[in-house]
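Read off the chains here:
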Amino acid sequence: MKVRYDLKNKILYILIREGEVADTDEVAEDVWVEYYEKEDIMGIEIWNAEISNKLLFENQKNYKTQYTQRH
């Protein structure tokens, strides 16, 4: 599992499984789930996610999450 955060756009993405996305559903306001096949979740995207820099760097150190800033 990998976690990415787009600081500029405030989007948190949790990658569970890599591959081609077969379907995407908005399951709540600003929360999107990507599916690999039928009901197999491969990723979760959360828009307007407010995350502190301290939390990001602690997670990166302790859980090897990926911190990215997209341009």
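Scroll up to find the structure.
Residues numbered from 1 in each chain as written. Predicted model: local features only at pLDDT ≥ 70, side-chain atom pairs only at ≥ 80, totals over all residues. Heavy atoms only, no water.

(A) Representation of the overall build of the chain in the model. When its secondary structure is counted, the chain shows one helix and five strands. For the chain, the succession of helices and strands along the chain, N to C, is β-β-β-β-β-α. The buried share of the chain, taken over its 71 residues, is 23%. In the chain, the proportion of contacts linking residues at least 24 apart, taken out of those at least 6 apart, comes to 41%. (Helix = DSSP H or I, 4+ residues; strand = E, 2+ residues; numbered from the N terminus. Buried < 20%, exposed > 50% of the residue type's maximum accessible area, 1.4 Å probe, protein only. Contact = heavy atoms within 4.5 Å.)

(B) Main features of the sheet that holds strand 2 (residues 11-15). The five strands lie next to each other as 1-2-5-4-3, forming an open sheet whose pairing is antiparallel. The sheet is open, and its two edges are formed by strand 1 (2-6) and strand 3 (23-28), each paired on a single side. Each adjacent strand pair in this sheet contributes to an overall mean axis angle of 20°, direction not counted. As judged from the five bridges shared by strand 4 (residues 31-35) and strand 5 (residues 41-47), these two strands associate in the antiparallel manner. Looking at strand 5, one finds that Val33 is bridged to Ile44. (Pairing = 2+ DSSP bridges. Axes fitted to C-alpha atoms, helices over the stretch in contact; angles between N-to-C directions.)

(C) Looking closely at the side chain of Glu34. Here Glu34 lies in strand 4. Salt bridges are absent for the buried Glu34, whose nearest opposite-charge side chain, Arg4, sits at 7.7 Å. (Lys, Arg positive; Asp, Glu negative; His and termini not counted. Salt bridge = Lys/Arg side-chain N within 4 Å of Asp/Glu carboxyl O.)

(D) Up close: the pattern of salt bridges. Within the structure shown, the criterion is met by two salt bridges. Lys10 is the salt-bridge partner of Glu50, the closest N and O atoms lying 3.0 Å from each other. Residue Glu50 is found in the loop between strand 5 and helix 1 (53-63), and its partner Lys10 is found in the loop between strand 1 and strand 2; the two are separated by 40 residues along the sequence. By relative accessible area, Glu50 is classed as exposed at 62%. A residue is classified by how much of its surface remains accessible, and Lys10, at 34% relative accessible area, is partly exposed.

(E) Looking closely at the pairing of strand 1. Pairing analysis gives five bridges linking strand 1 to strand 2, with the strands arranged antiparallel. Bridge pairing in strand 2 places Asp6 opposite Ile11. Here strand 1 hands over to strand 2 after four residues, with Lys10 in that stretch at a positive phi of 55°.

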